[in-house]
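Given next are the chains, with one letter for each unit.
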Amino acid sequence: MEEFHKVRRLPPYVFEQVNRLKASARAAGADIIDLGMGNPDLPTPQGVVDKLCEVVQDPRTHRYSSSKGIPGLRRAQAAYYARRFNVKLNPDTQVVATLGSKEGFANMAQAITAPGDVILCPDPTYPIHAFGFLMTGGVIRSIPIEPDETFFPPLERAVRHSIPKPLALIINYPSNPTARVASLDFYKDVIAFAKKHDLIVLSDLAYSEIYFDGNPPPSVLEVPGAMDVAVEFTSMSKTFSMPGWRMGFAVGNERLIAALARVKSYLDYGAFTPIQVAATHALNGDGSDIAEVRNVYRRRRDVLVESFGKAGFEVPPPAATMFAWARIPEKFRHLGSLEFSKLLVEKADVAVAPGIGFGEQGDEYVRIALVENEHRIRQAARNLKRFLSTADDTLHNVISLNAHR
């Protein structure tokens, strides 16, 4: 049967090919070290779990909740922005709780996009940034990912030559998958550009608290006047190791927040109230839970960079996020990231995310997630070293390592 219109608009989900191979290998008894999916393995802080257990005992919390988030949760998010970024938010009009930042992005796309609207989206980037708008009938025009002087000339061309004029610009720093971090000066230029060209700015700041070199990533809302054009999305998934709890936020421009809140009011009743109360408890904490999560990822990052480097696979140390973005070794580069990722599962019992899944410009890279402990990361490096050192002998009947596309 013919696929439905919105399904046809979606690109192939390339990660599924690696997932199927991974599942097949495990079914055959292989011990796959999974560094592919960005699924945090750390436990949610005990105090947050205890608060959930306490509140869930009250049957009054079992009823429908508030789609935009209970007042205490929105106040806690506003207080977090005040402490962390010195940004003042009205919790009633400038904060909406979402079911993770992914749902927030998708429903914002529903709220603001008409068929044919052009969205300026980084390549490579987290898939929902593009897919959310594609599902609503929007059109994606790719822009560079580097937050430096190379960002704006292609952006100028995109605005000048797009018909119709672009509606929105998506930014994502610290970036998933590249781990690039933007400066406040860069954000100032972004806001100036957006105001000049009447663009909405949608900022994904899901990794605001996972940074390693003593320089906390800024918020675009720190820029004076940013509230006129920008909305920012954050998530508790990584910051508090709460991925399955599905709790995030959209904050910023009142008109855009109101549009998102209205769409959500038709689609959901918000997260389960005990989850929202527990999330409030987490946001109002002293920050020690966040610091511990950050330290775990820092140690894993250092082990990954050192052990993979010794194995012959150079990994640039990321300054932030729970990912490393590594270029495929040269002798395998012609295969592309999907085939290389499949090879790693088959020959090294290691799973990574193929860069092509994040956009065309990612095809010479793989994303490596810091979601296994240090021992398992070192084991992955040993597996890689064995694979890389024997590839010329063991793969000559499978692929030509010297071939060109």
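Counting restarts for each chain, with residues numbered from 1 along the sequence as it is written. At least 70 in pLDDT is required for a residue's local features to be given in this predicted model, at least 80 for side-chain atom pairs to be given and counted, and no such filter applies to totals for whole chains, interfaces and linings, which use all residues. Side-chain descriptors were evaluated using all non-hydrogen atoms of the structure, hydrogens and water having been removed beforehand.

## Section: the overall build of the chain
No. 1: Runs of E in the DSSP output that reach at least two residues are strands. Runs of H or I that reach at least four are helices, and both are numbered from the N terminus. The helix and strand tally for the chain stands at 14 helices and twelve strands.
No. 2: Atoms counted for the radius of gyration: C-alpha only. Globule rule: 2.2 Å times the number of residues to the power 0.38. Computed over its C-alpha atoms, the radius of gyration of the chain comes to 22 Å, within 12% of the 22 Å expected for a compact globule of 405 residues.
No. 3: Overall size of the chain, expressed as C-alpha extent along the three principal axes, is 65 × 55 × 50 Å.
No. 4: Here the chain holds 405 residues, and 56% of them are scored as buried.
No. 5: Side chains of the chain give 47 positive and 45 negative charges; the mean places of these two sets differ by 3 Å. Burial here depends on accessible area, computed with a 1.4 Å probe over protein chains only, as a share of the maximum for the residue type. Under 20% is buried, over 50% is exposed, and the range in between is partly exposed. As used throughout, the charge tally considers Lys and Arg to be positive and Asp and Glu to be negative, leaving His and the chain termini uncounted. Working definition for charges: the position is that of NZ of Lys, CZ of Arg, CG of Asp or CD of Glu.

## A few points about the sheet that holds strand β8 (residues 248–252)
No. 1: Strands pair, by our definition, only if DSSP identifies at least two bridges between them. With mixed pairing, seven strands are arranged side by side in an open sheet as β2-β8-β7-β6-β5-β3-β4. Sheet topology places β2 (95–98) and β4 (139–143) at the edges, where each strand pairs with a single neighbour. Here the average twist between neighbouring strands, direction ignored, is 20°.
No. 2: Pairing of strand β5 (residues 168–172) with strand β6 (residues 200–204) involves five bridges; the strand directions are parallel. Bridge pairing in β6 links Asn172 to Asp204. Angular values range over 0 to 180 degrees, each being the angle between N-to-C directions of two axes fitted as lines to C-alpha atoms, with helices fitted over their stretch in contact.

## Remarks on the sheet that holds strand β12 (residues 365–369)
No. 1: Read from one edge of the open sheet, three strands run β9-β12-β11, paired in antiparallel fashion. Each edge of the sheet is formed by a strand with only one pairing partner; in this case those strands are β9 (323–327) and β11 (353–354).
No. 2: Two elements, β9 and β12, share five bridges in a ladder whose sense is antiparallel. Looking across to β12, one finds that Ala324 is bridged to Ile368.

## Let's talk about the pattern of salt bridges
No. 1: The salt bridge definition used is simple: a Lys or Arg side-chain nitrogen within 4 Å of an Asp or Glu carboxyl oxygen. One pass over the structure, following the stated rule, counts 22 salt bridges.
No. 2: For Arg60, the salt bridge identified is with Asp58, shortest N-O distance 2.9 Å.
No. 3: On the accessibility criterion, Arg60 (67% relative accessible area) is exposed.
No. 4: Among the ionic pairs, Lys188 bridges to Asp185, the shortest N-O distance being 3.9 Å. Here Lys188 pairs with Asp185, and both are found in helix α8 (residues 184–197), just three residues apart, close to one helical turn.

## Focus: the packing of aromatic side chains
No. 1: Centres within 6.5 Å are what make two rings of Phe, Tyr or Trp a pair, Trp counting through its six-membered ring; a difference in plane orientation under 30 degrees is then read as stacked, over 60 as edge-to-face, and the rest as tilted. In this structure the tally under the stated criterion is 19 aromatic pairs.
No. 2: Judged by centre distance (5.1 Å) and plane angle (80°), the ring pair of Phe151 and Phe186 falls under edge-to-face. Of this pair, Phe151 sits in the loop between β4 and α7 (152–161) while Phe186 sits in helix α8; the two residues are 35 residues apart in sequence, bridging distant segments of the chain.
No. 3: On the basis of relative accessible area, Phe151 is assigned to the buried category, the value being 1%.
No. 4: Taken together, the ring pairs connect Phe151, Phe152, Tyr173, Phe186, Tyr187 and Phe193 into an aromatic cluster.
No. 5: Geometrically, a charge over a ring is one whose NZ (Lys) or CZ (Arg) sits within 6 Å of the ring centre while staying within 35 degrees of the ring normal. Above the face of the Phe323 ring, Arg367 is positioned so that its terminal group lies 3.9 Å from the ring centre.

## Quick word on helix α10 (residues 254–267)
No. 1: In a regular helix each residue adds 1.5 Å, so 14 residues correspond to 20 Å; α10 covers 20 Å between its end C-alpha atoms and thus fits that length.
No. 2: Among the residues of α10, Leu256, Ile257, Leu260, Ala261, Val263 and Lys264 are the ones counted as buried. Projected onto a plane normal to the axis of α10, the buried residues spread over an arc of 165° and lie on a single side. Projecting away from the buried face of α10 at angles above 90 degrees are the exposed residues Arg255, Arg262 and Tyr266.
No. 3: Should any heavy atoms of two residues lie within 4.5 Å, those residues are counted as being in contact. Buried positions along α10 lie against β2, α5 (100–112), β6, β7 (230–235) and β8.
No. 4: The distance from a side-chain oxygen at the start of α10 to the backbone nitrogen of Arg255 is 3.1 Å, and the residue carrying that oxygen is Asn253. Helices are assigned an expected span. That span is 1.5 Å times one less than the residue count. Arc, as used here, means the arc of the directions from the helix axis to the C-beta atoms. Polar contact criterion, stated in full: a pair of N or O atoms within 3.5 Å, where within protein one must be able to donate a hydrogen and the other to accept it, and residues adjacent in sequence count only if both atoms are side-chain atoms.

## As for the pairing of strand β3 (residues 118–122)
No. 1: Judged by how many residues are buried, β3 sits mostly within the fold: five of five residues are covered.
No. 2: Of the strand pairs in this sheet, β3 and β4 are connected by five bridges, and their pairing is parallel. Its bridge partner being in β4, Pro122 is matched across the sheet by Ile143.
No. 3: The parallel pair β3 and β4, bridged by helix α6 (residues 127–135), forms a crossover whose chirality is right-handed.
No. 4: Across two bridges, β3 lies against β5 in parallel orientation. Considered in β5, the bridge of Leu120 is made with Leu169. When the strands point away from the viewer, a crossover counts as right-handed if the route from the first strand across the helix to the second turns clockwise.

## As for the confidence of the model for the chain
No. 1: With 97% of its residues at a pLDDT of 70 or more, the chain has an overall mean of 93.
No. 2: In the model, residues 400–405 has pLDDT below 50 throughout and makes 13 contacts with residues more than four positions away in sequence or in other chains. Think of pLDDT as the predictor's per-residue confidence, scored from 0 to 100.

## Some words on the environment of Phe387
No. 1: Among the structural elements, Phe387 can be located in helix α14 (residues 374–394).
No. 2: In this structure, the C-alpha to C-alpha distance between Phe387 and Leu343, residues 44 residues apart in sequence, is 9.5 Å.

## A closer look at the UniProt feature "domain: Aminotransferase class I/classII large" (unreviewed entry) in the chain
No. 1: UniProt positions are given in the numbering used here, feature names are shortened, and annotations may be inferred rather than shown by experiment. UniProt records the feature "domain: Aminotransferase class I/classII large" (unreviewed entry) for residues 31–382 in the present numbering.
No. 2: The distance separating the terminal C-alpha atoms of residues 31–382 is 13 Å; by composition the span is 41% helix and 14% strand.

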